[in-house]
Amino acid sequence: MTPLVMRTHAAWKIVFILLGVAAPSHIHACNLPSELSRVVTKVPSADSLLLDDGSEVVLIGAMPPVSLDQSDANQTAWPPAEATRKHLEALVSGKAVDLAFAGRRLDRYGRQLAHVFLTQSVVLNQTHSRHWVQGDLLANGLARAYTLPGNAACLDDLITLENRARANEAGHWGSGVFQDRNAHDPRELARYRDTFQTIEGRIDHTAKVRGQQVFDFTQSGSYRFSVWIAPPAGTSRNSSAITPESIAGKRVRVRGWIELRRNPRLTIASIRHIEILDEPLQTSDPEKATSNDHPSPIPATHQQ
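Residues numbered from 1 in each chain as written. Predicted model: local features only at pLDDT ≥ 70, side-chain atom pairs only at ≥ 80, totals over all residues. Heavy atoms only, no water.

Enquirer: What is the right way to look at the nonpolar core in this model?
Expert: Inside soluble globular proteins, nonpolar side chains tend to come together where they are buried. Ranked by internal contacts, the top residues of the largest apolar core, which has 34 residues, are L49, L88, V92, L99 and V116. At the level of secondary structure, the elements contributing two or more residues to this core comprise strand 1 (36-45), strand 2 (48-51), strand 3 (56-59), helix 4 (79-92), strand 5 (96-100), strand 6 (112-124), helix 5 (133-139) and helix 6 (155-168). Counting 18 residues, the second largest nonpolar core, distinct from the first, contains L189, F215, I258 and L266. (Core = buried A, V, L, I, M, F, W, Y, C linked by side-chain atoms within 4.5 Å. Buried < 20%, exposed > 50% of the residue type's maximum accessible area, 1.4 Å probe, protein only. Helix = DSSP H or I, 4+ residues; strand = E, 2+ residues; numbered from the N terminus.)

Enquirer: Quick question: what am I supposed to make of helix 6 here?
Expert: Because an α-helix completes one turn every 3.6 residues, residues spaced three or four positions apart along the sequence face the same direction. Compared with the 20 Å implied by 1.5 Å per residue over 14 residues, the 20 Å span of helix 6 between its first and last C-alpha is a close match. Of all the positions in helix 6, only L155, L158, I159, L161, E162, A165 and R166 are classed as buried. Projection of helix 6 onto a plane perpendicular to its axis shows the buried side chains occupying an angular sector of 165°, all on one side. Within helix 6, the exposed residues directed more than 90 degrees away from the buried face are D156, A167 and N168. (Expected span 1.5 Å × (residues − 1). Arc of directions from axis to C-beta.)

Enquirer: What should I look at first to understand the environment of I242 in this one?
Expert: Considering the arrangement of structural elements, one finds I242 in the loop between strand 12 (226-229) and helix 9 (244-247). Using a relative accessible area of 21% as the deciding quantity, one classes I242 as partly exposed. Expressed as a C-alpha distance, the spacing of I242 and R272, which sit 30 residues apart in the sequence, is 6.7 Å. Dropping the residues within four chain positions of it, I242 is found in contact with I247, I271, I274 and I276. (Contact = heavy atoms within 4.5 Å.)

Enquirer: Got a minute to help me understand the packing of aromatic side chains in this structure?
Expert: Centre distance and the angle of the planes are the two values used to describe a pair of aromatic rings. Under the criterion given, the structure shown has five aromatic pairs. Look at Y146 and F196: their rings are 6.2 Å apart centre to centre, the planes differ by 75°, and that puts the pair in the edge-to-face class. On the criterion of sequence distance, the pair formed by Y146 in the loop between strand 8 (144-145) and helix 6 and F196 in strand 10 (residues 196-209) is long-range, its members being 50 residues apart. We classify Y146 as buried; its relative accessible area is 6%. Clustering of aromatic rings is evident, with ring pairs tying together Y146, F196 and W257. (Phe/Tyr/Trp six-rings, centres within 6.5 Å; stacked < 30°, edge-to-face > 60°.)

Enquirer: What am I meant to see in the state of the cysteines here?
Expert: By definition, a disulfide links two cysteine residues through a covalent bond between their sulfur atoms. Going through the model one piece at a time under the given rule, you end up with one disulfide. Through a disulfide, C30 is tied to C154; the S-S separation comes to 2.1 Å. One disulfide, between C30 and C154, carries an S-S torsion of 75° and so falls in the right-handed class. With C30 in the loop between helix 2 (12-18) and strand 1 and C154 in the loop between strand 8 and helix 6, this pair connects stretches of sequence that are 124 residues apart. Note on C30: relative accessible area 0%, which makes it buried. (Disulfide = S-S within 2.5 Å.)

Enquirer: Where do I start with the environment of S55 in this structure?
Expert: Looking at the element boundaries, S55 is found in the loop between strand 2 and strand 3. Judged by relative accessible area, which is 19%, S55 ranks as buried. For the pair formed by S55 and R111, sequence separation is 56 residues and the distance between their alpha carbons is 7.1 Å. Here the side chain of S55 touches Q112 through a polar contact of 3.1 Å, side chain to side chain. (Polar contact = N/O pair within 3.5 Å; in protein donor to acceptor, adjacent residues only side chain to side chain.)

Enquirer: When you look at the pairing of strand 13 (residues 251-257) in this model, what are you seeing that I'm missing?
Expert: Side-chain positions along a regular strand alternate between the two faces of the sheet. Of all seven residues in strand 13, five are buried, a share of seventy percent or more. Bridge count for strand 10 against strand 13 is seven bridges, and the pairing is antiparallel. When the sheet's bridge partners are listed, R202 is paired in strand 13 with R251. (Pairing = 2+ DSSP bridges.)

No statement about biological role is implied by the geometric values presented.
This is the structure:
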């Protein structure tokens, strides 16, 4: 068992205690129309449900904690993931739910990719509101927001709930299971290859590499962490006011699965998936400025 997993297991009691925190009485964001109604018969994992028609649904947009030590995870239920599953089970098991879809409807295993709502609505300010299951997990700090290509519905709502849980140290944010990684420590990030992470740092450099927009984070030497925007999403029309030039020098948060291609990197679908955390640093050095008129040269680490 790795030291990281040992530290995580040492905190498992805290994780289960956190389940005693009362959930919000309503989570009514994500205004997708319901298309199907089913009854939940079983909760096999922290992000999936079995339904009364025999189908399985994945809670798209809500990423539960996943053990880095997969051999250990296969032997026993990892306590943080089991904490999320038990919360989900208490919330939906045996209850009627509505399914809402946006974009891709099935994963490669034939499971439905849906946003899930309790069919029984709650009364808020004399109006009926749906209780959003993914939103409940994010609000309680038991999952993190993520997207898949073609399935980014309600991302802004999910991130808002995640940030609130992060600020309140709710659920796994309080136990240390969820942490924002440091974009300026690429060697540490390389340890998390093929895992989902949220990463914070200041963008030092932007460039176009083979038609893709690339954001680099300050790091001495040639080893660095980068964020790439995948085509065609990176070149399609985007209503976001964010541009590569507008975020150069800003401290940001990004999320996704870490790849290792010489250097650790993330690939995201759109620039709007970058959260801006503060304003750019002021500098009198013209070499640090990035603009359309004077694009930055491509770093040697990206010249393949």
